[in-house]
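Structural overview
This is what each chain is made of:
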Amino acid sequence: MTVHRILVGLDGSLAAHRAAQWSDELARALGAEIVAVHALGLTDTDQTGTRVMTGSHRGDVLAAFDEVWCAPFANGPTPVRQVARDGEPAEVLLAAARSEVVDLIVLGSRGTGGVPQRGLGSTSSRVAESAEVPVVIVPFHGPPTD
Amino acid sequence: MIVVSANADDDRHETPAWHPERRERLAAVMGAIHSVVDDDCVALGRRPASLDEIARVHTPAYVRALKDLCAVGGGELDPDTIVADGSYVTAVRAAGAGLAAIDALREGAGDAAFVAVRPPGHHAGVTRGMGFCLFNNVAISAAALVERGERVAIIDWDVHHGNGTQEIFWDEPNVLYASIHQSPLFPGTGHVDDMGGVNATGLTINIPFPAGTGGNAILRAFDEVIAPAIDGFEPDWVLVSAGFDAHRDDPLGGFVLSSGDFALLTRRVAAYAPQPGRLALFLEGGYDLNALAACVSTTVATLDDRAWPSEPTTTGVSGVDSIRAIQDERQRSADNGASR
């Protein structure tokens, strides 16, 4: 199997940052491209990590995505494409995986949503259940971002 | 006479300090309502929705999981949707407030109802809550009416698309769902060519407008797209997902409506109801407290046929040119037999 394109989900959390670092290392080793994806919600975080209303701070959130959350890929050899779409995180990630024709999905073990809830499904578990390509969950045991 | 059904007195749905969907919203709404119609309204008592009533639109597994999460102190359904230990019971009473309003109207208690509840509901789908919403309040009331054999039109003027309501009634021939919303914007759904399932093709109506849209475009959409659909559907009831985050001061949306625009929208939906006592407005979004209070005051005053000072109506920088394109796209989709 060949991995040409790796999708990594980013949301400003420390776990997503760890997933981005791991994805970058893997992409370098495989000579693959990165597709960095963020699902814009009703609220988001800006460059300083402050929770903001996405409707009135859309530019700040996109700047955070570009300048902060994608920083692990900066100055490296890996080609990176950024995709930001409005919607529920799992649905955005799955749709982007299809439209960007990726070979692998990489997610942090927890997002800004905190610890996954039994019966309600975390973003990573819902993506893993429905994805058409392999999904890697990068473990992270530090504190949540929020 | 206006029926007011609320869950403000036992609101235990606590959210963090930064969160825009907070308790103070209901305080602003109730203050606005009572400043307008304190002498001409019926305030209903507490009435929780039963599990059977909620399960008409949500899976029992989701209801149980939400209840269990709240029982252990709460948590996060997603980065936007946070629950505390009291959120489940508050959501159950929010859903029940809508059902109580419908029952009161049926018994002749008033000409229209305003359901002042939180958390809001229109993003909550069959299997999960999202976007601040836990149970879909307007859908739970609509489903109760459908079970009695009645036809329901749901008009959604919140700035966000009601993806949960669309999902729940996608293939339901006794419910017409029409939404005017900003696009692009969360939740990223509500495309023009989403028109309903095979048993309800054409009964989902999505009218997406860009940021900067004003009242003039919204009113044209009501008159040129929604009104003809209502005429053809002939509903027994009109329910409204009445979010007020399309106001120009709201931090979550990019429309530029004023409180005066909401007076005109209220007149439109009142005219769609087949008779007095068959119209209920359900609070959805609206996160600038001053704008929310101004819009609710104007809306309730209009429902009660009272003169009320409101901001001048607006003409946005975009939107009007979209109407013809929306009509053309719906026609193309209908010609092609598209369903999703």
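A brief look at the structure comes next. (Residues numbered from 1 in each chain as written. Chains lettered and ligands numbered in written order. Predicted model: local features only at pLDDT ≥ 70, side-chain atom pairs only at ≥ 80, totals over all residues. Heavy atoms only, no water.)

1. Looking at the interface of chain B and chain A
Contact with chain B, which involves 25 residues of that partner, is made by 21 residues of chain A. Where chain B abuts chain A, roughly 2000 Å² becomes buried across the two surfaces, and 64% of that area is made up of carbon and sulfur atoms. Across the chain B-chain A interface, the total number found is one salt bridge. Here R128(B) and E88(A) are joined by a salt bridge, their closest N and O atoms 3.2 Å apart. Linking chain B to chain A there are six residue pairs in polar contact (both at pLDDT 80 or more). Residue contributions to the side of chain B that touches chain A peak at four residues, all from helix α3 (residues 60-71) of chain B. (Contact = heavy atoms within 4.5 Å. Buried area = accessible area lost by both parts, 1.4 Å probe. Salt bridge = Lys/Arg side-chain N within 4 Å of Asp/Glu carboxyl O. Polar contact = N/O pair within 3.5 Å; in protein donor to acceptor, adjacent residues only side chain to side chain. Helix = DSSP H or I, 4+ residues; strand = E, 2+ residues; numbered from the N terminus.)

2. Some points on the sheet that holds strand β6 (residues 104-108) of chain A
Within a sheet, neighbouring strands are paired by backbone hydrogen bonds and run either parallel or antiparallel to one another. Residues and elements named next belong to chain A. Strand order in this open sheet of five strands is β5-β2-β1-β6-β7, and the pairing throughout is parallel. Of all the strands in the sheet, just β5 (80-86) and β7 (135-138) have a single pairing partner and so form its edges. Averaged over all pairs of adjacent strands, the angle between their axes in this sheet comes to 25°, without regard to strand direction. Of the strands in this sheet, β1 (5-9), β2 (33-40), β5 and β6 touch helix α3 (residues 89-99), which is tilted by about 150° from β2. (Pairing = 2+ DSSP bridges. Axes fitted to C-alpha atoms, helices over the stretch in contact; angles between N-to-C directions.)

3. Digging into the pattern of salt bridges
Residue and element names in this part refer to chain B. Counting across every chain of the model gives 24 salt bridges over all chains. The shortest N-O distance in the salt bridge between D10 and R46 comes to 3.5 Å. Highlighted residues: D10 in the loop between β1 (2-6) and α1 (23-37) and R46 in the loop between β2 (41-43) and α2 (51-54), separated in sequence by 36 residues. By relative accessible area, R46 is classed as exposed at 56%. Between E329 and R332 there is a salt bridge; the shortest N-O distance is 2.8 Å. Within this pair, E329 and its partner R332 are both found in helix α10 (residues 322-336), separated by three residues, close to a single helical turn. Note on E329: relative accessible area 23%, which makes it partly exposed. For R332, a relative accessible area of 46% translates into the label partly exposed. (Buried < 20%, exposed > 50% of the residue type's maximum accessible area, 1.4 Å probe, protein only.)

4. Some details on the sheet that holds strand β5 (residues 112-116) of chain B
Residue and element names in this part refer to chain B. Across the sheet, which stays open at both edges, the eight strands sit in the order β2-β1-β5-β10-β9-β6-β7-β8 with parallel pairing between neighbours. In this open sheet, the two strands that pair with only one neighbour each are β2 and β8 (204-209). Pairs of neighbouring strands in the sheet enclose a mean axial angle of 15°, with direction left out of account. In terms of strand pairing, β5 meets strand β10 (residues 279-283) through three bridges, oriented parallel. Residue pairing across strands places F114 opposite L281, the latter belonging to β10. Lying over the sheet, helix α7 (residues 215-233) contacts β6 (152-156), β7 (175-182) and β8, oriented at roughly 170° with respect to β7.

5. Some details on empty space enclosed by the protein
Residues and elements named next belong to chain B. Following the criterion strictly, the structure yields five cavities of 30 Å³ or more and no others. Around the second largest cavity, the lining comprises 14 residues; the ones closest to its centre are H122, H123, G131, G285 and Y287. Looking at the lining of the second largest cavity residue by residue, the class counts come to six nonpolar, five polar and three charged. (1 Å grid on protein atoms, 1.4 Å probe; cavity = no way out; pocket = protein on both sides within 12 Å on 5 of 7 lines; lining within 4 Å. Points joined across faces, edges and corners; volume = space filled by probe spheres on them. Nonpolar A, V, L, I, M, F, W, Y, C, P; charged D, E, K, R; others polar.)

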